[in-house]
Amino acid sequence: MERPHTLLIHYDKGTPAIAKQIVKDLQGRDGPAKVDAMKKAIMLLLNGETLPQLLNTIVRFVLPSQDPMLQKLLLLYLEIIDIVKVDADAGGGTMNEMYICQHLKNNLNNSNIYTRVATLRFICHLNDKHLDIIRELKSSVVGNLQHKHPYVRRNAILAVMTIDKLPQGQLLLVDAPETIEEVLSKEEDPSAKRSAFLMLSTCDQDRAINYLLSHVDSVSGWGELLQMVVLELIRKVLVSRMDKGEKETYINIVKSLLNAPSTATAVAYECAGILVSLSSKPTDIVAAANTYCQLLRSQSDNNVKLIALDRLIELKSSHRDIMVDLTMDLLRALNCRNTDIQKKALQIVLELITERNINGVVLMLKNEAFKTQGHGGEFKNNGKYRQMLIQAIRICALKFPKVASTVDDLLMDFSGDNNVASAIDMLHSVREIIEMNHEVRVSIITRVLDNLYRIRASRVCSCALWTIGEYCRSLDEVENGIATIKHCLGELPFLPVSEEGEDTDSSEKVQQKMNSVTVSSVLADASEPAFSDQGSLTWRNLRSFLLTGDFFLGAVVASTLTKLVLRLEGVQSSKVEVNKASTQAVLIMVSMLQLGQSPVLPHPIDNDSYDRIVVCIRLLCSTGDNVRKIWLQSCRQSFVKMLSEKQLRESEELNAKAQISHAQPDDLIHFDSLKTMKGRSQLELEDMTPDDEKLETGEFIKDGDGVNKLNRRIHQLTGFSDPVYAEAFVTVHRHDIVLDITIINRTKQTLQNFVMELIIKGGLEIVELKPVEDPQNNTLAPESNMEIKVKLMVVSTDTGVICGHVVYGTSNGEKTVVLSEICFDVGDYMSPAVCTDEAFRTLWAELEWKRKVDVDTEIQDEKEFLDHIIKLTNMKCLTAPLDGNCGFLTANLYAKSVFGEDALVNVSIEKKNNGRLGGSIKIKSKSQGIALGLSNKISLKQKGKGGN
């Protein structure tokens, strides 16, 4: 199973075929029985059986058969077994090998092209152990290069390439590159030409480059397959040997392919990537960016669009000034109805907006927002898309205040949106815009008052009422605010006195009557429904919410009326009007308290809302300067402080990103002209930077503890007293993990049949395992070392474990050394990320996998414990830091995995009377692996001082 095979069939070894029965069926004359016997033999071989005596029977009774199915199974059988070894074990000497060679030679000269092709493909799977067989077949393989059918010629070229790549292949076919070059010059079939050029680029790169340079003008007319091989050759040359003179030539080749009207999509994508690697000229970067934008517009596959957006993000990081001109082209990606594509496109655009293009960007975003209103139920994720647009418009308005006046009408049009999240985002945006740009306050407040009756969600009403209470300043605005709230509440009392005094049966009738003019406050999609159009309740939304028992909103109404009345005292000269407004406000609050104690409602008023309304009544009855200052200034100052802290965190993050790459006073100065040519190509010398050297040496400067990071990547696999010492250097990059394993023979003996076996558990898969230099006969000389490279792929976020053992033979027999385990937990796959509080709450409600860990730690400080959890989980804290020590703390943490999966953590802790911390840590994620991995890691290492 260690060798690659074309065929892999599952076979239940619980009922294995008997070897004698297989031999008997193969010796018979029944064709179908022979086919079944061959299939059983192949399945047994694939599952570890040897069957050495079977080769003689197959040579005698299957080799001469003309049955196509038997011949196909014969080639599969020969591919699986080691012909030379099995022939020796079977006692056939070299006779069986001679018969097989003659049979394969006959197949290569067969008139049936499919028989020829099957045999040529079989030759492609031979290795250096079959040199004698290849030596007998090489003339027939070369002869197939001139076959009339391109299907045969293509596979013959691949067989020649396989032979030439063998350690002694150049001795078997001395003039293989010259022969293939001659075939290439005469070949007309696109697939055969592609195979021939691939052979030259693999086996004789200089000859392939000369052929390419001699046909520069015709490259754009070649087929897609051949053009892809050409680009792959250019990429290889770029890495190994390109000089300045050749670079311009290759750039022209790539440009000609990029500008050709018939260029395929895959070719255009590869051309853009190579062009960015070869050149930093603005015209070339623009050409590459335009190619990616064209893929966004023309391709229907969402995966292709996501890849193109990733490439554009890379371009933006290094060529932002050039990408600014392509902002409007990027906005066309919003036409795709995939939220991931829309989100990524908006992310790029918002980082490219400038004074020059802000008007066009805002206009485009407004048009897209209006489109979502007309397709409310047509698209599945219409609400999410509208929410993303509102957030984008908010960012534009905050960055460029001059456009704030052009978007306030649009934002307020969404106040009555059925999607609660987008409506709340809209009002949060309005609050920030008013605070950051006071010039638009009057127009926005007017729009909020005009649209208050249209709001269909209680949470949105609360936010709108807070905005009215804080930003209504003038006399007209205050009076209009009080009148609008009274209009939405309707006439008092909320329930007639006759209805309140009825018995239980009458109350049930009143309840039914009340339900007939109201609706359920929440739908299945967590959105607020529209109110029924009965009587005047179409605009009395506040009254409808109160009648459904929403007294938290009633407390917000009371607070807003209190603020407006207090502000009215400062702008209204007539005391009569002030007393009138105050009396009406108190009457409304008393009516809400009376409604809350009515048996008609589903549940009575809660204590918090009751106390809040009572406080408002007392304030209006007896006010003072200190109370007025608290209500009219301190609330707004707290909001301003929250915005300032938010802007400070954002600026700190931007500064941190900008200062990632910096030079230290004692850093070495690199002179390119003094660099040695030894061991490095010209291109490596030109492009080498100090960062490249740090990458090559494994040096890490992140987090300021490079030594610890480096030591963490070196894992000792065996003990110092073991006869074989092994250690692994681990490199983790997103989905890929590379283990560079060093093995040292510490004894004075030669270790024979040295084998390392690794066992992979969890979310890892082995992609490749090979020695850096192939040892002869798997031996390890005394006091020598061996390098083995293992490539792994992360297939899931489950905890991955690598374990195994080393087996070797000595003069005293076979010995085994067990290797230590290497664990990759979920923290190695997570990276800190940022999201808004609204997005966090939405994800918390959507994600299904949940785990809870009780706090059990020796750390006694709340903030210290929070920092310990953040460092342990490698997550980002979304909660703003608080000053002082109040004995309890709640914080939200967020991160993303390498697969784009969200991980959410809520930390709620308090200090107990004995000084220890208590509480819980709640975890939510989309996949079970992340939730289990984080909970297990926190449970094991949360103790901190004593348990870490």
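This is a predicted model, so every value here is computed, not measured.

A.B. asks: Which parts of the structure should I look at to understand the overall build of the chain?
C.D. replies: Check the secondary structure of the chain and you find 41 helices and 14 strands. Per-residue burial for the chain yields a buried fraction of 45% across its 948 residues. Within the chain, counting contacts between residues at least 6 apart in sequence, those at least 24 apart form 67% of the total. Here the chain has roughly 48500 Å² of accessible surface; of this, 51% comes from carbon and sulfur atoms.

A.B. asks: Just to check I follow, could you spell out the packing of helix 23 (residues 382-399) against helix 25 (residues 420-436) for this structure?
C.D. replies: Packed helices, taken two at a time, are described by their axes: the angle between them and the distance between them. Direction vectors running N to C along helix 23 and helix 25 enclose 5°, while the axes themselves pass 9 Å from each other. Classified by the angle their axes make, helix 23 and helix 25 are roughly parallel. In contact with Gly-383, Arg-386, Gln-387, Ile-390, Gln-391, Arg-394, Ala-397 and Leu-398 of helix 23, helix 25 contributes Ala-421, Ser-422, Asp-425, Met-426, Ser-429, Glu-432, Ile-433 and Met-436. Residue composition of the contact of helix 23 with helix 25, by class: 7 nonpolar, 5 polar and 4 charged.

A.B. asks: Honestly, the nonpolar core in this entry has me stumped. Any pointers?
C.D. replies: One broad rule of soluble globular proteins: the nonpolar side chains tend to lie buried together. Leu-312, Leu-330, Leu-365, Ile-485, Leu-542, Met-589 and Ile-613 are the most contacted members of the largest nonpolar core, which has 117 residues in total. Broken down by element, this core gets its largest block of residues, 11 residues, from helix 32 (residues 551-571). The two domains that each donate at least three residues to this core are domain 1 (353-373 + 380-456) and domain 2 (472-495 + 538-634). Ignoring any residue separated from it by four or fewer positions in sequence, one finds Leu-330 in contact with Cys-293, Leu-296, Leu-312, Met-323, Ala-345, Ile-348, Val-349 and Leu-352. Ala-196, Met-199, Leu-238 and Ile-253 belong to the second largest nonpolar core, which has 88 residues in total.

A.B. asks: Whenever I open this one, the sheet that holds strand 8 (residues 813-824) confuses me. Can you help?
C.D. replies: Paired through backbone hydrogen bonds, the strands of a sheet run either parallel or antiparallel to each other. If you trace the 3 strands from one edge of the open sheet to the other, you get 4-7-8, paired in antiparallel fashion. At either end of the open sheet lies a strand with only one pairing partner, and these are strand 4 (752-761) and strand 8. Taken pair by pair, the neighbouring strands of this sheet meet at an average axis angle of 15°, ignoring direction. In this sheet, strand 7 (residues 800-810) lies alongside strand 4 in antiparallel orientation, the contact comprising 8 bridges. Residue pairing for strand 7: Val-755 is matched across the bridge by Val-807.

A.B. asks: Teacher, can you tell me more about the packing of helix 3 (residues 54-61) against helix 6 (residues 95-108) here?
C.D. replies: Running from N to C, helix 3 and helix 6 point in directions that differ by 40°, and their axes come no closer than 10 Å. Classed by the angle they form, the pair helix 3 and helix 6 counts as oblique. For the element pair helix 3 and helix 6, the recorded crossing hand is left-handed. For the pair helix 3 and helix 6, the contacting residues are Leu-55, Asn-56 and Val-59 in the first and Asn-96, Tyr-99 and Ile-100 in the second. Considered class by class, the residues forming the contact of helix 3 with helix 6 number 4 nonpolar, 2 polar and no charged.

A.B. asks: How should the confidence of the model for the chain be read in this particular structure?
C.D. replies: As a general rule, the predicted coordinates of low-pLDDT regions are not to be interpreted in detail. Across the chain, the average pLDDT comes to 79, with 80% of residues at or above 70. Confidence drops under a pLDDT of 50 for residues 681-711, and excluding neighbours within four residues, the segment shows 33 contacts in the predicted structure. Low pLDDT, under 50, characterises residues 772-777; the stretch is placed with 4 contacts to residues that sit more than four places away or in other chains.

The rules behind these values
- Residues numbered from 1 in each chain as written.
- Predicted model: local features only at pLDDT ≥ 70, side-chain atom pairs only at ≥ 80, totals over all residues.
- Heavy atoms only, no water.
- Helix = DSSP H or I, 4+ residues; strand = E, 2+ residues; numbered from the N terminus.
- Buried < 20%, exposed > 50% of the residue type's maximum accessible area, 1.4 Å probe, protein only.
- Contact = heavy atoms within 4.5 Å.
- Areas by Shrake-Rupley, 256 points an atom, 1.4 Å probe, with all protein chains shown as cover.
- Axes fitted to C-alpha atoms, helices over the stretch in contact; angles between N-to-C directions.
- Parallel < 35°, antiparallel > 145°, perpendicular 65-115°, else oblique.
- Nonpolar A, V, L, I, M, F, W, Y, C, P; charged D, E, K, R; others polar.
- Core = buried A, V, L, I, M, F, W, Y, C linked by side-chain atoms within 4.5 Å.
- Domains from an automatic or database assignment.
- Pairing = 2+ DSSP bridges.
- Left-handed = near helix turned anticlockwise from the far one by under 90°.
- pLDDT = per-residue confidence, 0-100.

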